[in-house]
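Each chain, letter by letter, is given below.
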Amino acid sequence: MSSVEAGLRDLIRALVREELAALHGDAAHHDLVQARPLSSTSPDGQPPLDKAIYTAEEVARLLGCSPKAVYARASRGQLPGVFRVGRSLRFRGRELLPFILEGRVPSPRRSR
């Protein structure tokens, strides 16, 4: 398992714990979550895995493709958590990261 996959899995687990804590009103757990430091860009140039919102360029680095391919996949409805800010795309990390972790990123080829 690559370090990116391990990081995504850990992030998803942390997000689930945060959601459960919010649903059950666990204030102590919420304080611990808020106190953890935000990660910065990793040494290999990957964007941090604990962001709420990702840009198209960051998603392209996570997927290993070009930003143009990310825009094309988003326009075809192949990527979850997409919303627009003006003319640019943003992606909700809570929806996108599990999608990537499960390996459901479709091939850029069109079906014939």
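Data block above holds the structure.
Not measured: the values here are computed from a predicted model.

Student: Honestly, the side chain of Glu-58 in this entry has me stumped. Any pointers?
Tutor: With respect to the element layout, Glu-58 can be found in helix H3 (residues 56-63). Take Glu-58: its relative accessible area is 12%, and that puts it in the buried class.

Student: Explain helix H5 (residues 93-101) to me, please; I cannot follow it from the model alone.
Tutor: Residues of H5 that are buried include every one of Gly-93, Leu-96, Leu-97, Phe-99 and Ile-100, and no others. Along the axis of H5, the buried residues cluster in a sector spanning 160 degrees; they form a single face. The positive-phi residue at the C-terminal boundary of H5 is Gly-103, with phi of around 75 degrees.

Student: What is the right way to read the sheet that holds strand E3 (residues 88-92) from this model?
Tutor: To summarise the sheet geometry, strands pair through backbone hydrogen bonds and adopt either a parallel or an antiparallel arrangement. A sheet is described by the order of its strands in space; here three strands give the open sequence E1-E3-E2, paired in antiparallel fashion. Both outer strands of the open sheet, strand E1 (53-55) and strand E2 (82-85), are each paired with one neighbouring strand and no more. Averaged over all adjacent pairs, the angle separating strand axes in this sheet is 40 degrees, with direction ignored. Examined bridge by bridge, E2 and E3 share four bridges and lie antiparallel to one another. Looking at E3, one finds that Val-85 is bridged to Ser-88. Sitting on the sheet, H3 is in contact with E1 and E3, with an inclination near 85 degrees to E1. Where H5 meets the sheet, its contacts fall on E1 and E3, and the angle it forms with E3 comes to roughly 75 degrees.

Student: Help me understand the pattern of salt bridges, please; the structure alone is not making it clear to me.
Tutor: Applying the stated criterion across every chain, the model contains one salt bridge. Lys-51 is the salt-bridge partner of Glu-58, the closest N and O atoms lying 2.6 Å from each other. Among the residues examined, Lys-51 registers a relative accessible area of 29% and is labelled partly exposed.

Student: Sorry, what's going on with helix H4 (residues 67-75) here?
Tutor: Turn by turn, an α-helix covers 3.6 residues, leaving residues three or four places apart pointing in a common direction. Residues of H4 that are buried include every one of Val-70, Arg-73 and Ala-74, and no others. Buried residues of H4, seen end-on, are gathered within an arc of 100 degrees and therefore sit on one face of the element. H4 presents Lys-68 and Ser-75 as exposed residues on the side facing more than 90 degrees away from its buried surface. Buried-residue contacts for H4 involve H3, E2 and E3. Gly-77 lies just past H4 and shows a positive phi near 75 degrees.

What counts, and where the lines are drawn
- Residues numbered from 1 in each chain as written.
- Predicted model: local features only at pLDDT ≥ 70, side-chain atom pairs only at ≥ 80, totals over all residues.
- Heavy atoms only, no water.
- Helix = DSSP H or I, 4+ residues; strand = E, 2+ residues; numbered from the N terminus.
- Buried < 20%, exposed > 50% of the residue type's maximum accessible area, 1.4 Å probe, protein only.
- Arc of directions from axis to C-beta.
- Pairing = 2+ DSSP bridges.
- Axes fitted to C-alpha atoms, helices over the stretch in contact; angles between N-to-C directions.
- Contact = heavy atoms within 4.5 Å.
- Salt bridge = Lys/Arg side-chain N within 4 Å of Asp/Glu carboxyl O.

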